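Results of the structural survey
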Amino acid sequence: RTIQALLLTRLAEEPDTIAATFSGEDLSWRQLHQRAARVAAILAHLGVGAGDVAAQMTGNTADHVAFVFGAALLGAIECPVNTALQGDSLAHVIGHSTARVVFAERAFAPQLEVVAARLEDVTVVFWGEGEAPVLAGGAVRTAAEAGFGPLANAPIDVVRPQDASTLIYTSGTT
């Protein structure tokens, strides 16, 4: 099975069952699919497709999970970026991963600002309302600005069990 198949199966079989809970917020499979489809639509609009890497720099939140499933709907490879990374290490992970899009929480804007000029051809999308932080050199949007309609139907046959779904960089101590 794939992450994509898990989401679509649960959506079809038990859409109102709780899929995840974060800080007291329950998300049903239907709600998770809606958020994931929005992420998938934004990624697709920004040129991310099957086999492409899309990074995220978020804490342990419902948005993080929506991003994982949204990338999976497209067959994209999700790359979680360690939120403690800064400077050269942060620039290396994003650059080496080949991600063209990074979804980030606003709290990590200062870290991204330091490396923005080195992130050529990378669009940073910030979660939440309000104006996007200004980053030198890179394209920046908010999720609301990039909030194109949900993907009508995720192509189930795009993802195969042997396809990569996640690219993880470790600290080297594991």
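Attention here is on the structure that accompanies the text. (Residues numbered from 1 in each chain as written. Predicted model: local features only at pLDDT ≥ 70, side-chain atom pairs only at ≥ 80, totals over all residues. Heavy atoms only, no water.)

Focus on the packing of aromatic side chains
Going by this rule: Between 30 and 60 degrees the pair is tilted, below 30 it is stacked and above 60 it is edge-to-face, where a pair is any two Phe, Tyr or Trp rings, Trp via its six-membered ring, whose centres lie within 6.5 Å. Going along the chain from the N terminus, every DSSP run of H or I of four or more residues is numbered as a helix, and every run of E of two or more is numbered as a strand. The rule is simple: take the accessible area with a 1.4 Å probe, protein chains only, and divide by the maximum for that residue type; under 20% is buried, over 50% is exposed, in between is partly exposed.
The tally for this structure, following the rule as stated, stands at 3 aromatic pairs. Taking 6.2 Å as the distance between ring centres and 85° as the angle between the ring planes, the aromatic pair formed by Trp29 and Phe69 counts as edge-to-face. Of the two residues, Trp29 is situated in helix H2 (residues 29-45) and Phe69 in helix H3 (residues 62-74); the sequence distance between them amounts to 40 residues. When sorted by exposure, Trp29 lands in the same class as Phe69, which is buried. Relative to Phe103, the ring of Phe67 lies with its centre 5.1 Å away and its plane at 55°, an arrangement referred to as tilted. Taken together, the positions of Phe67 in helix H3 and Phe103 in strand S5 (residues 101-104) put the pair 36 residues apart, joining distant regions of the chain. What makes Phe103 buried here is its relative accessible area of 0%.

Topic: the side chain of Ser97
Under the convention used in this document: Under this definition, polar contacts are N or O atom pairs within 3.5 Å; protein pairs additionally need one hydrogen-donor-capable and one acceptor-capable atom, and for neighbouring residues in sequence, both atoms have to be side-chain atoms. Any pair of residues with heavy atoms lying within 4.5 Å of one another is described as a contacting pair.
Checked against the element boundaries, Ser97 lands in helix H4 (residues 87-97). Only 2.8 Å separates the side chain of Ser97 from the backbone oxygen of Ile94, close enough to count as a polar contact. The residues touching Ser97, leaving out its near neighbours within four places in the chain, are Val53, Cys79, His92, Leu167 and Tyr169.

So, the environment of Leu32
Relative to the helices and strands, Leu32 is located in helix H2. Residue classification places Leu32 among the buried positions, given a relative accessible area of 2%. With 33 residues separating them in the primary sequence, Leu32 and Val65 have C-alpha atoms 8.1 Å apart.

As for the pairing of strand S3 (residues 53-57)
Residues in a regular strand project their side chains so that they alternate between the two faces of the sheet. This is how it is decided: Strands pair, by our definition, only if DSSP identifies at least two bridges between them. Seen with the strands pointing away from the viewer, any crossover whose path from the first strand over the helix to the second strand runs clockwise is right-handed.
Among the 5 residues that make up S3, 5 are buried, leaving the element largely enclosed by the rest of the structure. Going residue by residue along S3, you find Val53, Ala55 and Met57 tucked away on one face and Ala54 and Gln56 tucked away on the opposite face as well. Sheet topology places S3 next to strand S4 (residues 77-80); 4 bridges connect them, and they run parallel. Bridging across to S4, Val53 finds its partner in Ile77. Regarding topology, H3 serves as the crossover connection from S3 to the parallel S4, and that connection is right-handed. As defined by bridge partners, S3 adjoins S5 across 3 bridges and the pair is classed as parallel. Paired with Ala55 across the two strands is Val102, which belongs to S5.

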